[in-house]
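Coordinate inspection notes
Each chain, letter by letter, is given below.
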Amino acid sequence: MKTKDLGTTAPNTWCPGCGNFAILNAIKPVLADLDEEGLVAIENVVLVSGIGCHGKIADYVKANSFYAIHGRTIPVATGIKLANPDLNVICFAGDGDAYAEGLDHLIFAAKRNIDITTIIHDNRVYGLTTGQYTPTSPSGFLGRSTPAGLEVPPINPLEIVFASGGSFVARGYSHGIELLKDIFREAILHRGFSFVDVLQVCATFFNLYDYYNERVYTLEEHDPRDRDRAEEKMREWDYNSDGPIPLGIFYREDASTFGDNFMKYNSKITDLEGRIRGALEGFL
Ligand code: SF4
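About the thresholds
Residues numbered from 1 in each chain as written. Predicted model: local features only at pLDDT ≥ 70, side-chain atom pairs only at ≥ 80, totals over all residues. Heavy atoms only, no water. Helix = DSSP H or I, 4+ residues; strand = E, 2+ residues; numbered from the N terminus. Rg over C-alpha atoms; globule rule 2.2 N^0.38 Å. Buried < 20%, exposed > 50% of the residue type's maximum accessible area, 1.4 Å probe, protein only. Contact = heavy atoms within 4.5 Å. Areas by Shrake-Rupley, 256 points an atom, 1.4 Å probe, with all protein chains shown as cover. Lys, Arg positive; Asp, Glu negative; His and termini not counted. Charge placed at Lys NZ, Arg CZ, Asp CG, Glu CD. Phe/Tyr/Trp six-rings, centres within 6.5 Å; stacked < 30°, edge-to-face > 60°. Pairing = 2+ DSSP bridges. Axes fitted to C-alpha atoms, helices over the stretch in contact; angles between N-to-C directions.

Take the overall build of the protein next. Scanning the protein from terminus to terminus reveals 10 helices and 8 strands. In summary, the protein has a C-alpha radius of gyration of 20 Å against a globular reference of 19 Å for 284 residues, a match within 12%. Out of the 284 residues belonging to the protein, those deemed buried represent 48%. In the protein, once contacts between residues fewer than 6 apart in sequence are set aside, the share between residues at least 24 apart is 73%. Taken as a whole, the protein presents about 13300 Å² of accessible surface, with 54% of it coming from carbon and sulfur. Taken as two groups, the 26 positive and 38 negative side-chain charges of the protein have centres that lie 3 Å from each other.

Listed below in structure tokens is the structure:
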């Protein structure tokens, strides 16, 4: 399979310069390569997208896909994965989608280590509704709902996912497609909950290209199995200060997944049912 085989005829309506293009142009070759290498067959891939500008990515990749409602990409993906563990499920969600209404789902997905990949198009603004603040907008953000400047500091989503038990935590940037491709590939191949926060620039309502270009750097000689170091790197930038802003895979560990634990639980329940039935039959 070639990248061009994953294109669709849907007209692209993203604004010129939107960071969503980088995510789209990174995920397609990764999926094509994984299929070509026999690692993930494209017919076993399911893309789940939410509500927001990012959601249209499901229209632009020729693969199985599902449009979820706002904040609910992760529970939909969880259901798909549990119903058919052979599927490789990739969620695309916005920061307003996953970090506001959907935050509880994100925390529980990390805690359970459900074997899905979650890619957040974190443009730090509600683009589709023309520029309101989101949980990752910086203090002082001037938007339609905060014309005098936002007084609330942002959350650091990497720290939240890490503290919740996430087994793969990474950050990418929509200006730097090779790094995005490397991260997406590793995230998809990771067995467990993979979380990638992509600093995806909204060229129309919050253009941070210059800001990021001056501050981002790629993690090098970083051991993602080192918990303390991973946490230290996640805290290096709090989405509010002036950086520097590390990019790459911060943390990765092998751990049992929700599917593994679900199977164990099911077998215990079956065993318990058998013992109760046996006891009742003896009694009757
Ligand atoms: Fe992209 Fe922003 Fe335009 Fe939405 S509003 S398509 S996020 S540039």
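Now that the structure is up, let's keep going.
Turning our attention to the environment of Glu 220. Considering the arrangement of structural elements, one finds Glu 220 in the loop between strand 7 (216-218) and helix 9 (227-234). Here the alpha-carbon distance between Glu 220 and Thr 134, two residues 86 residues apart in the chain, equals 30 Å.

Counting across every chain of the model gives 10 aromatic pairs. For the pair Tyr 99 and Phe 195, a centre-to-centre distance of 6.5 Å together with 55° between the ring planes defines the contact as tilted. Of the two residues, Tyr 99 is situated in helix 4 (residues 95-101) and Phe 195 in strand 6 (residues 194-199); the sequence distance between them amounts to 96 residues. On the basis of relative accessible area, Tyr 99 is assigned to the buried category, the value being 3%. Aromatic rings pair up to connect Tyr 173, Tyr 211, Tyr 212, Trp 237 and Tyr 239 into one cluster.

What follows is about the sheet that holds strand 7. Across the sheet, which stays open at both edges, the 8 strands sit in the order 2-1-3-4-6-5-8-7 with mixed pairing between neighbours. The open sheet has two edge strands with one neighbour each: strand 2 (64-67) and strand 7. Between one strand axis and the next, the sheet turns by 20° as a mean value, whatever way the strands run. For strand 1 (residues 45-49) and strand 3 (residues 88-94), the ladder comprises 5 bridges, and the chain directions are parallel. Bridge assignment links Val 46 to a residue of strand 3, and that residue is Val 89. Against the sheet, helix 1 (residues 20-36) engages strand 1, strand 3, strand 4 (117-122) and strand 6, with an angle of about 155° to strand 4.

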